[in-house]
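# Inside the fold
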Amino acid sequence: MSNLIDVLNAQNVKSELPTIEIGSTVRVHIKIKEGAKERIQVFEGTVIAKKHGGVNETFTVRRISYGVGVEKVFPVHSPNVVKVETVRRGKVRRAKLYYLRGRVGKSAKVKEKL
């Protein structure tokens, strides 16, 4: 049973992983199916968390949309995640940036790493 799980995990793991760092602003390209059509949607925001490892690895991206905070959790190895672009790198001292949820405006910004 364990060998079967290892084989399935090896098939679903992406060979080239995107470099995702906490505090970075990223642009995630997601494949969306609507009926018979397929399109790519872009979600841009700040990476506030990374969890798990291996096939189950996920990262959480947060953005403010029309004054409302929106968070999405993306599996790193999902076939629906086409690519992840890093827009800017953030300078942070935490592994999880959940404190950004309670902040609005300039206090919710992350300084850029030089």
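The preceding data block contains the structure.
A quick note: this is a predicted structure, and the numbers were derived from the prediction, not measured.

On to the packing of aromatic side chains, then. Applying the stated criterion across every chain yields a total of two aromatic pairs. Aromatic pair Phe-59 and Phe-74: ring centres 5.6 Å apart, planes at 35 degrees, arrangement tilted. With a gap of 15 residues between them, Phe-59 in strand β3 (residues 58-65) and Phe-74 in strand β4 (residues 68-75) connect regions that are remote in the sequence. One exposure class covers both Phe-59 and Phe-74, and it is buried. Among the aromatic residues, ring-to-ring pairing joins Phe-43, Phe-59 and Phe-74 into one connected group. The lysine or arginine in question, Arg-63, covers the ring of Phe-43, its NZ or CZ lying 5.4 Å from the ring centre.

This brings us to the pattern of salt bridges. Under the criterion given, the structure shown has eight salt bridges. Between Arg-27 and Glu-85 there is a salt bridge whose closest N-O contact spans 3.4 Å. In this pair, Arg-27 is assigned in strand β1 (residues 25-34) and Glu-85 in strand β5 (residues 81-88), connecting sequence segments 58 residues apart. We note a salt bridge from Glu-34 to Arg-39, for which the minimum N-O separation is 3.1 Å. Using a relative accessible area of 36% as the deciding quantity, one classes Arg-39 as partly exposed. Salt bridges linked by common partners bring Arg-27, Glu-44, Lys-83 and Glu-85 together as one network.

Definitions and limits used
Residues numbered from 1 in each chain as written. Predicted model: local features only at pLDDT ≥ 70, side-chain atom pairs only at ≥ 80, totals over all residues. Heavy atoms only, no water. Phe/Tyr/Trp six-rings, centres within 6.5 Å; stacked < 30°, edge-to-face > 60°. Helix = DSSP H or I, 4+ residues; strand = E, 2+ residues; numbered from the N terminus. Buried < 20%, exposed > 50% of the residue type's maximum accessible area, 1.4 Å probe, protein only. Lys NZ or Arg CZ within 6 Å of the ring centre and 35° of its normal. Salt bridge = Lys/Arg side-chain N within 4 Å of Asp/Glu carboxyl O.

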